[in-house]
Amino acid sequence: MTLLDLLLEPLSYDFMVRAFVTTTVAAVVAALLSCWLVLVGWSLMGDAVSHAVLPGVVIAYILGAPFALGALVFGGLAVVLIGAVRDSGRVKEDAAIGIVFTTLFALGLVLVSVTPSQTDLSHIIFGNVLGISSVELAQVLVLAVVGSTVLLVKRRDLVLFAFDPTHAHAIGLSTRRLSALLLGVLALTAVVTLQVVGVILVVAMLIIPGATASLLTQRFGRMLVLAPTISALSSIVGIYLSYWLDAASGGMVVLVQGAVFTVVLLTSPRYGPLRRWRARSVPAGVRA
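Everything quoted here is computed from the prediction, not taken from an experiment. (Residues numbered from 1 in each chain as written. Predicted model: local features only at pLDDT ≥ 70, side-chain atom pairs only at ≥ 80, totals over all residues. Heavy atoms only, no water.)

As for the side chain of serine 234
With respect to the helices, strands and loops of the structure, serine 234 is situated in helix H12 (residues 220-245). Of the residues examined, serine 234 reaches a relative accessible area of 4% and is grouped as buried. A polar side-chain atom of serine 234 sits 2.8 Å from the main-chain carbonyl oxygen of isoleucine 230. Excluding anything up to four places from it in sequence, serine 234 contacts Val256, Gln257 and Val260. (Helix = DSSP H or I, 4+ residues; strand = E, 2+ residues; numbered from the N terminus. Buried < 20%, exposed > 50% of the residue type's maximum accessible area, 1.4 Å probe, protein only. Polar contact = N/O pair within 3.5 Å; in protein donor to acceptor, adjacent residues only side chain to side chain. Contact = heavy atoms within 4.5 Å.)

Spelled out as structure tokens, the structure:
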């Protein structure tokens, strides 16, 4: 079998084509958002929202509603609850995040365990991109377009908010509204990536691409190009590997992204330890 045959064989199956499209779309929108999450320092918030959507998905299943609707409602609820606990003045933000997301995630696990179902609800936790239906694909595409459009249209305001919220407030921008907007897109993106890698690995797709791009460039505009590109290519490679190795698709996608991050971290022209090792190994006279 030639390399071309290996590449084309998975595409002969409709479910694999849907998997490639869904994963690539989810990877792109998650990578765009990850640039802001890394810049603002909201990695834990991404973890919180991605886990908090689990009870919403299970309740949506019980009611016969779209999974995306339930996840979106509980993603927004998690953001509101975190803000309420934090604004009480007695609990710090990291503690508020931990309390809310672990409680909601535990609620989701309980609901999964007690809900009679003809469907294996564990795919919500671990992902099931190979089982994506045409309707679910359409949902992912719509939500991804909405999330990406908001990020790109409000890009300048969100960048200013991320770099210097004090200056953003001084020129008349509402930092509270921008924060709420970014959290809303986070909830939306968590729903999109949930379809691909499940609740547990969503945070990886929301953080790794932006972190990888930040090692390669200091310009935010370039990050917005590098992160989606790296994420999309990693996702395609991950799906191919999962097909050839008969491995979990979502896990393989995140594993490839993690491997790319590791390589970039080691070889980064600015931060990589290999660069520092080479600099020490070159005689001082040569460097001069």
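Observations concerning unusual backbone geometry
At aspartate 246, a position not held by glycine, the phi torsion is positive, near 55 degrees. Assignment of secondary structure puts aspartate 246 in the loop between H12 and helix H13 (249-267).

Brief notes about the packing of helix H2 (residues 14-40) against helix H11 (residues 175-216)
Packed helices, taken two at a time, are described by the angle their axes make and the gap between the axes. In contact at an axis separation of 5 Å, H2 and H11 are set at 60 degrees when each is read in the N-to-C sense. In terms of orientation, H2 and H11 fall into the oblique class. For the crossing formed where H2 meets H11, the hand is right-handed. Class assignment for the residues of the contact of H2 with H11 results in 21 nonpolar, seven polar and no charged. (Axes fitted to C-alpha atoms, helices over the stretch in contact; angles between N-to-C directions. Parallel < 35°, antiparallel > 145°, perpendicular 65-115°, else oblique. Left-handed = near helix turned anticlockwise from the far one by under 90°. Nonpolar A, V, L, I, M, F, W, Y, C, P; charged D, E, K, R; others polar.)

Some words on the nonpolar core
The biggest cluster of nonpolar side chains holds 77 residues, and the ones touching the most others in it are Leu33, Trp36, Met45, Leu151, Leu182 and Leu186. Setting aside chain neighbours within four positions, we find tryptophan 36 in contact with Leu151, Arg155, Leu158, Val159, Ala162, Leu182, Phe220 and Leu224. (Core = buried A, V, L, I, M, F, W, Y, C linked by side-chain atoms within 4.5 Å.)

Comments concerning helix H8 (residues 134-153)
Taking 1.5 Å per residue as the helical rise, H8 with its 20 residues ought to reach 28 Å, and the 28 Å between its terminal C-alpha atoms agrees with that figure. Within H8, the full set of buried residues consists of Leu137, Val140, Leu143, Ala144, Gly147, Ser148 and Leu151. Across the axial projection of H8, the buried residues extend over an arc of 135 degrees, all falling on one side. Summarising the geometry of H8, the exposed residues directed more than 90 degrees from the buried face are Ser134, Val135, Val142, Val145 and Val153. (Expected span 1.5 Å × (residues − 1). Arc of directions from axis to C-beta.)

Details of the pattern of salt bridges
Overall, the coordinates contain one salt bridge when judged by the stated rule. As a salt-bridge pair, aspartate 157 and lysine 154 come within 3.2 Å of each other at their nearest N and O atoms. (Salt bridge = Lys/Arg side-chain N within 4 Å of Asp/Glu carboxyl O.)

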